[in-house]
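# Chain and residue survey
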Amino acid sequence: AQSVTQLGSHVSVSEGALVLLRCNYSSSVPPYLFWYVQYPNQGLQLLLKYTSAATLVKGINGFEAEFKKSETSFHLTKPSAHMSDAAEYFCAVREGGYQKVTFGTGTKLQVIP
Amino acid sequence: NAGVTQTPKFQVLKTGQSMTLQCAQDMNHNSMYWYRQDPGMGLRLIYYSASEGTTDKGEVPNGYNVSRLNKREFSLRLESAAPSQTSVYFCASMRAGDTEAFFGQGTRLTVV
């Protein structure tokens, strides 16, 4: 069965600092992995996805994530935080050939001026 | 280019009342999903429909029913609302052979 664990329900960074949001997954088959972002009172927007091509995936707004099979991780990073990055971020997994998408519990990112 | 449309956006129900949340997508996607979002719990899958004419339970199906009316529409029904069903509900859809789901803007439901 697939599952996702996001470490840290709240993360605070200073503007201009590195953003690192952690995600570990469990899957019995090669997975598809996703990061979604949710701004207040809005739906979820896809930031980036891993689909077994390149292990380093670049997304929108300067975010990227690296798939590490040995660590079963898919951490989200951004070199320099901007105030507009303040939002909630969700990691999600979908096993190939399987229609269900499973989400982590989310990490709220606060950016301090 | 509407994508996934949910109605209503907000709803207040009294305990025991029933209602149907509507979802429609115009992307010709095969799969559709209903999730609920609660603080600290992320998104939990209620029901999904892999294709027209099929529905399956997710993690938290109790107290809900669904109907895949046609390829475009997937509705979620609460037969007898309870305060524990106060939540934000999201509908999503995905194309066959594609990888990611697309989400609606959500329905904020309060049961008093």
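Residues numbered from 1 in each chain as written. Chains lettered and ligands numbered in written order. Predicted model: local features only at pLDDT ≥ 70, side-chain atom pairs only at ≥ 80, totals over all residues. Heavy atoms only, no water.

A separate point is the overall build of chain A. Scanning chain A for helices and strands turns up zero helices and eleven strands. The order of α-helices and β-strands along chain A, N terminus first, is β-β-β-β-β-β-β-β-β-β-β. Computed over the C-alpha atoms, the radius of gyration of chain A is 13 Å, within 12% of the 13 Å expected from 2.2 N^0.38 for a compact globule of 113 residues. With respect to the principal axes defined by its C-alpha atoms, chain A has extents near 45 × 30 × 20 Å. In chain A, of all internal contacts separated by at least 6 residues, the share reaching a separation of at least 24 is 57%. (Helix = DSSP H or I, 4+ residues; strand = E, 2+ residues; numbered from the N terminus. Rg over C-alpha atoms; globule rule 2.2 N^0.38 Å. Contact = heavy atoms within 4.5 Å.)

Attention now moves to the pairing of strand β8 (residues 73–78) of chain A. All names here are of chain A. Counting buried positions along β8 yields five of six residues, so the element is predominantly enclosed. Bridge count between strand β3 (residues 19–26) and β8: four bridges; the pairing is antiparallel. Among the inter-strand pairings, L21 is bridged to a residue of β8, identified as L76. In this sheet, β8 lies alongside strand β7 (residues 64–68) in antiparallel orientation, the contact comprising five bridges. Across the sheet, residue K68 finds its bridge partner in β8, namely S73. (Buried < 20%, exposed > 50% of the residue type's maximum accessible area, 1.4 Å probe, protein only. Pairing = 2+ DSSP bridges.)

Moving on: the sheet that holds β8(A). All names here are of chain A. Ordered in space as β1-β3-β8-β7-β6, the five strands form an open sheet in which the pairing is antiparallel. Each edge of the open sheet carries a strand with a single partner, namely β1 (3–7) and β6 (56–58). Neighbour-to-neighbour, the strand axes of the sheet open up by a mean angle of 20 degrees, direction not taken into account. (Axes fitted to C-alpha atoms, helices over the stretch in contact; angles between N-to-C directions.)

Going from B:T7 to B:P8, the amide bond is cis rather than trans, its omega being -5 degrees. By the element assignment, B:P8 lies in the loop between β1 (4–7) and β2 (10–13). Its identity is not glycine, yet A:N41 carries a phi of approximately 60 degrees, on the positive side. As for its position among the elements, A:N41 is in the loop between β4 (31–38) and β5 (44–50). Not every positive phi belongs to a glycine, and A:N61 is a case in point at roughly 60 degrees. Turning to its location among the elements, A:N61 is positioned in the loop between β6 and β7.

A few words now on the packing of aromatic side chains. Under the criterion given, the structure shown has 14 aromatic pairs over all chains. With 6.5 Å between their ring centres and 80 degrees between their planes, B:F90 and B:F103 make a pair best called edge-to-face. In this pair, B:F90 is assigned in strand β9 (residues 87–94) and B:F103 in strand β10 (residues 102–103), connecting sequence segments 13 residues apart. Like B:F103, B:F90 is buried. Grouped by ring-pair contacts, the aromatic residues A:F34, A:Y36, A:F103, B:Y33, B:Y35, B:Y48, B:F90 and B:F103 constitute a single cluster. (Phe/Tyr/Trp six-rings, centres within 6.5 Å; stacked < 30°, edge-to-face > 60°.)

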